[in-house]
Amino acid sequence: MSGPDSEQLPEHVRANRHHWDEMAHEWVALGERAWASDDPSWGIWSVPETELAMLPVDMSGLDAIELGCGTAYVSAWMARRGATVTGIDNSAAQLATARGLMAKHGIELTLLHGNAETVPVPDGSFDFAINEYGAAIWCDPEVWLREAHRLLRPGGRLVFLANHPLAMACAPESGAHVGDRLVRPYFGMHTLDWRDVEIDPGGVNFCLPISEWVALFHRIGFTIDDLREPRAPESTRGVQFFIDAEWAQRWPSELVWKVRRH
Ligand SMILES: C[S@@+](CC[C@H](N)C(=O)[O-])C[C@H]1O[C@@H](n2cnc3c(N)ncnc32)[C@H](O)[C@@H]1O
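Each residue is numbered by its place in its chain's sequence as written, counting from 1. Reporting of local features is limited, given that this is a predicted model, to residues whose pLDDT is at least 70; pairs of side-chain atoms are given and counted only at 80 or more, and all residues count toward the totals for whole chains, interfaces and linings. Heavy atoms throughout the structure, all of them, feed into the side-chain values; hydrogens and water do not.

Is there a simple way to think about the overall build of the protein chain in this case?
By the criteria applied, helices consist of DSSP H or I runs no shorter than four residues and strands consist of E runs no shorter than two, each listed in order from the N terminus. Across its full length, the protein chain holds ten helices and 13 strands. Every radius of gyration here is taken over C-alpha atoms, with the globule rule written as 2.2 Å times N^0.38, N being the number of residues. Relative to the globule expectation of 18 Å for 262 residues, the C-alpha radius of gyration of the protein chain, 17 Å, shows essentially globular dimensions. Each principal axis of the C-alpha atoms in the protein chain carries an extent, and together these give about 45 × 45 × 40 Å. Three exposure classes are used, based on accessible area relative to the maximum for each residue type with a 1.4 Å probe and protein chains only: buried under 20%, partly exposed in between, and exposed over 50%. Per-residue burial for the protein chain yields a buried fraction of 54% across its 262 residues. Neither His nor the chain ends contribute to the count of charged residues, in which Lys and Arg are positive and Asp and Glu negative. Here the site of a charge means atom NZ of a Lys, CZ of an Arg, CG of an Asp or CD of a Glu. Across the protein chain, the centroid of the 22 positively charged side chains sits 4 Å from that of the 37 negatively charged ones.

Please clarify how the site of the ligand should be interpreted in this entry.
Near, as used in this document, describes a residue that has one of its heavy atoms within 4 Å of the molecule or strand being considered. Neighbouring the ligand are 19 residues; Asp89, Gln94, Asn115, Ala116 and Glu132 lie closest to it. Think of a polar contact as two N or O atoms within 3.5 Å of one another; within protein, one of them needs to be a possible hydrogen donor and the other a possible acceptor, and neighboring residues in sequence only count if both atoms come from side chains. Take Asp89: an N or O atom from its side chain is 2.6 Å from an oxygen atom of the ligand. Measuring from a nitrogen atom of the ligand, one finds a backbone N or O atom of Asn90 at 3.2 Å. Here the shell around the ligand is composed, by residue class, of nine nonpolar, eight polar and two charged. Residues were grouped as follows: Ala, Val, Leu, Ile, Met, Phe, Trp, Tyr, Cys and Pro as nonpolar; Asp, Glu, Lys and Arg as charged; and all remaining residues, including Gly, as polar.

Is there a simple way to explain the side chain of Ser174 in this structure?
Inspection of the secondary structure puts Ser174 in the loop between helix 8 (165-169) and strand 8 (191-193). Classification of Ser174 as buried rests on a relative accessible area of 19%.

Is there a simple way to explain the nonpolar core in this structure?
Most often, soluble globular proteins keep nonpolar side chains buried together rather than apart. Definition used in this section: a nonpolar core is a set of buried Ala, Val, Leu, Ile, Met, Phe, Trp, Tyr and Cys residues joined via side-chain atoms within 4.5 Å. One finds Leu67, Met78, Trp144, Leu145, Leu158 and Phe160 to be the most contacted residues of the largest nonpolar core, which totals 83 residues. Throughout, a residue-residue contact means that at least one pair of heavy atoms, one from each residue, lies within 4.5 Å. Filtering out sequence-adjacent residues up to four positions away, Leu158 remains in contact with Ala129, Ile130, Trp144, Leu145, Ala148, Leu152, Phe222, Trp257, Lys258 and Val259.

Mind showing me how you'd approach the state of the cysteines here?
When two cysteine sulfur atoms lie within 2.5 Å, the pair is treated as a disulfide. Tallied over the full model, the rule gives zero disulfides. Residue Cys69 stays outside any disulfide, its sulfur separated by 12 Å from that of Cys139, the closest cysteine. The exposure class assigned to Cys139 is buried, which follows from its relative accessible area of 6%.

Honestly, the sheet that holds strand 5 (residues 110-113) in this entry has me stumped. Any pointers?
When DSSP finds two or more bridges between a pair of strands, those strands are recorded as paired. Taken in spatial order, the seven strands line up as 5-4-3-6-7-13-10 in an open sheet, and their pairing is mixed. Every other strand in the sheet has two partners, leaving strand 5 and strand 10 (222-228) as the edge strands with one partner each. Each strand of the sheet is rotated relative to its neighbour by a mean of 15°, with strand direction disregarded. As paired strands, strand 3 (residues 63-67) and strand 4 (residues 84-89) are joined by five bridges and run parallel to one another. Counterpart to Ile65 in the pairing with strand 4 is Thr86. Relative to strand 5, helix 5 (residues 92-105) is tilted by about 165°, and along the sheet it contacts strand 4 and strand 5. Here the axes come from fitting lines to C-alpha atoms, over the contacting stretch only for helices, and the angles between their N-to-C directions go from 0 to 180 degrees.

How do you make sense of the packing of helix 7 (residues 141-151) against helix 9 (residues 210-220) when you look at a structure like this?
The packing of two helices is summarised by the inter-axis angle and the distance between the axes. Contact geometry for helix 7 and helix 9: axes closest at 10 Å, N-to-C directions at 40°. With respect to each other, helix 7 and helix 9 are oriented oblique. Relative to helix 9, the crossing made by helix 7 is right-handed. Seen from helix 7, the contacting residues are Pro141, Glu142, Leu145, Arg146 and His149; seen from helix 9, they are Trp213, Leu216, Phe217, Arg219 and Ile220. Each residue belonging to the contact of helix 7 with helix 9 can be placed in one class, and the counts come to six nonpolar, one polar and three charged. By the definition adopted for this analysis, an angle is roughly parallel if under 35 degrees, roughly antiparallel if over 145, roughly perpendicular if from 65 to 115, and oblique otherwise. Take the far helix as your reference; a near helix turned counterclockwise from it by less than a right angle gives a left-handed crossing, and one turned clockwise gives a right-handed crossing.

Even after reading the chapter, I still don't get the pairing of strand 7 (residues 152-163), so can you show me in this structure?
For a regular strand, the rule is simple: side chains alternate between the two faces of the sheet. In this sheet, strand 7 lies alongside strand 6 (residues 126-132) in parallel orientation, the contact comprising six bridges. The residue of strand 7 that forms the bridge with Phe128 is Arg157. Examined bridge by bridge, strand 7 and strand 13 (residues 254-261) share seven bridges and lie antiparallel to one another. In the strand pairing of strand 13, Leu161 is matched with Val256.

In this structure, what is going on with the environment of His19? I would like to understand it.
Mapped onto the elements of the fold, His19 is located in helix 1 (residues 11-23). Placed 176 residues apart in sequence, His19 and Arg195 show a C-alpha to C-alpha distance of 9.0 Å. Aside from chain neighbours lying at most four places away, what touches His19 is Trp138, Pro201, Gly202 and Gly203.

Looking at this model, I keep getting lost on the environment of Pro209. Mind explaining?
Here Pro209 lies in the loop between strand 9 (204-206) and helix 9. For Pro209, a relative accessible area of 1% gives the class buried. A sequence separation of 86 residues divides Pro209 from Asp123, and the C-alpha atoms of the two residues are 29 Å apart. Leave out the neighbours within four places in its chain, and Pro209 touches Pro165, Tyr186, Phe187, Gly188 and Met189.

Following this line, the structure appears as structure tokens:
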């Protein structure tokens, strides 16, 4: 199924579509490895599911959606746990990889090409919504969280993993690696535009201070079940994207919110 034409999309969604279509080929190998695994792990430090408990153990009978599914390995993990799964993604190229892997592994998913801020599915269609670096960082928080609320049934759960605002406060404007200095304001953090940075230009991201996430959940109608700050394992070395493992052993580079629709 195809979503709206690019010209009808908000500017950040259009820019991010171009960005992801261009670099989808770099994500194929990771998608293949993750689809082949029955042992979920999360985020840039591959923190195991046994530690983070992102997914219900048994998802039989649940309708689930992944908002910004990329190559859709999280969707595959949910389908293997018994859920009926829909994935939406803004990049046709990412979905092409997902479709190939779906056929290879014989798993049925409904994959939609579109913007996770406006999902073409009726209200209250899902029991569970998730994303790992999907809508959580690429969509406007106010907009996609309202959409996730609309999509969930009362009592339905939303779980997502995103950049931690402390890491973003230490992320230089040049696009250089996150350092041990606060280089941009924490308060008021919202849009991070990486399109024209000197080093490794990217797309348009979003990140909020912790108290603003909390205020937004309350305003929209979510109850908070948990907040986690995954830590890079002690044995991990090297840089992942723009964060050094040693940084992420000392300070939180990622966060996980688990919330529930009233
Ligand atoms: C890092 S991937 C997340 C998928 C997977 N968990 C992973 O880490 O590979 C980010 C995905 O978000 C998608 N995305 C970006 N903006 C989006 C939007 N507005 N609606 C839906 N998906 C979006 C991108 O196309 C990309 O496939």
